[in-house]
Amino acid sequence: MSLKEKIDINRLPRHIAIIMDGNGRWAKEQGQDRLFGHFHGVESVRNIVEGCAELGIGYLTLYAFSTENWDRPVEEVTGLMELLVDTIRKEVATLNKNNIKLHVIGDLNMLPDYARNELKEALDETSHNTGLNLVMALSYSSRWEIVNAIKNIAADVKAGKLQPYEIDQDSIKDYLATKEFPDPELMIRTSGEYRISNFLLYQLAYAELYFTQVRWPDFRKENLYEAIIDFQQRERRFGKTGEQISQQEKTAIS
Ligand code: IPE
Ligand code: IPE
Ligand code: MG
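In what follows, the accompanying structure is described. Worth saying up front: this structure is predicted, and the values here are computed from it rather than measured. (Residues numbered from 1 in each chain as written. Chains lettered and ligands numbered in written order. Predicted model: local features only at pLDDT ≥ 70, side-chain atom pairs only at ≥ 80, totals over all residues. Heavy atoms only, no water.)

**So, the site of ligand 1**
Close to ligand 1 lie Met20, Asp21, Gly22, Asn23, Gly24, Arg25, Arg34, His38, Ala64, Asn69, Arg72 and Leu80, which account for all nearby residues. At 3.2 Å from an oxygen atom of ligand 1 is found a main-chain nitrogen or oxygen belonging to Asn23. With the chains in place, 87% of the 380 Å² that ligand 1 exposes on its own is no longer accessible. Those elements that provide at least two residues to the shell around ligand 1 are helix H1 (23–29) and helix H2 (34–55). The element that contributes the greatest number of residues to the shell around ligand 1 is H1, accounting for 3 residues. Residues belonging to the shell around ligand 1 are distributed by class as follows: 3 nonpolar, 5 polar and 4 charged. (Near = heavy atom within 4 Å. Polar contact = N/O pair within 3.5 Å; in protein donor to acceptor, adjacent residues only side chain to side chain. Areas by Shrake-Rupley, 256 points an atom, 1.4 Å probe, with all protein chains shown as cover. Helix = DSSP H or I, 4+ residues; strand = E, 2+ residues; numbered from the N terminus. Nonpolar A, V, L, I, M, F, W, Y, C, P; charged D, E, K, R; others polar.)

**Re the sheet that holds strand S5 (residues 186–189)**
Strand order in the open sheet made by the 6 strands is S3-S4-S2-S1-S5-S6, with parallel pairing throughout. Edge strands, defined here as strands with exactly one partner in the open sheet, are strand S3 (101–105) and strand S6 (208–211). For this sheet the average axis-to-axis angle between neighbouring strands, irrespective of direction, equals 20°. Across 7 bridges, the pairing between strand S2 (residues 59–66) and strand S4 (residues 133–140) is parallel. Bridge pairing in S4 links Leu60 to Leu134. Contacts from helix H7 (residues 221–232) reach strand S1 (15–19), S5 and S6, with the element oriented near 135° to S5. (Pairing = 2+ DSSP bridges. Axes fitted to C-alpha atoms, helices over the stretch in contact; angles between N-to-C directions. Contact = heavy atoms within 4.5 Å.)

So this is what it looks like as structure tokens:
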């Protein structure tokens, strides 16, 4: 039985989010510079996007560049921006062929004009697709997103469009960059770091977290299948007791 066959397709995570980490270390291990690692990371992105589309995953969010990553050496930032934009442009045809809709979350004002324009085009050209939703987190950080949300909530309250007593979890969600997407159910981080690094802090409240030592440029569909199988073995309790969850499952089956 292959790993893929071990996946229960009726219990797939609806939304998978990935912190694609380890490109720099991977490159160093090959005696190359960091950009070489980013370049090879693109092949993993293609492979994982294809893997998610084949399985029928609804949403895949990829953390490609954080707000804090702007503070890296300028050659790395420039090289990475060019690579990201170039890749997105080249992949539009494949995204359309596979019915994949591209979304971007992040502070796009920080991007150079050429990058923002290319991105807008790619978003437009894939906007009619109805299959996998591919969300690129670009110049994204969760604290940036939350600050932004609070500013907009405050402005709407001031303008009388929103009453303070109306603010609840649903209305907060509407002010986040991820308002169109369900919360991730599975969050994967590659390359051995056990942290969230300012990624989807609000949305990951009840996500199952999966950490692997595999560096992002080595991460392939088989690694994704392992993560999904692991996810399917977890008991998601959402604060309830294990007994309550078993009871719920029994009632759902009968
Ligand atoms: C992830 O790999 C890609 C980005 C953060 C842009 P890194 O570049 O962080 O690689 P490491 O963690 O230094 O190995
Ligand atoms: C998180 O990785 C950001 C992305 C993968 C885009 P980092 O490599 O920037 O995170 P830290 O610095 O190790 O926490
Ligand atoms: Mg890193």
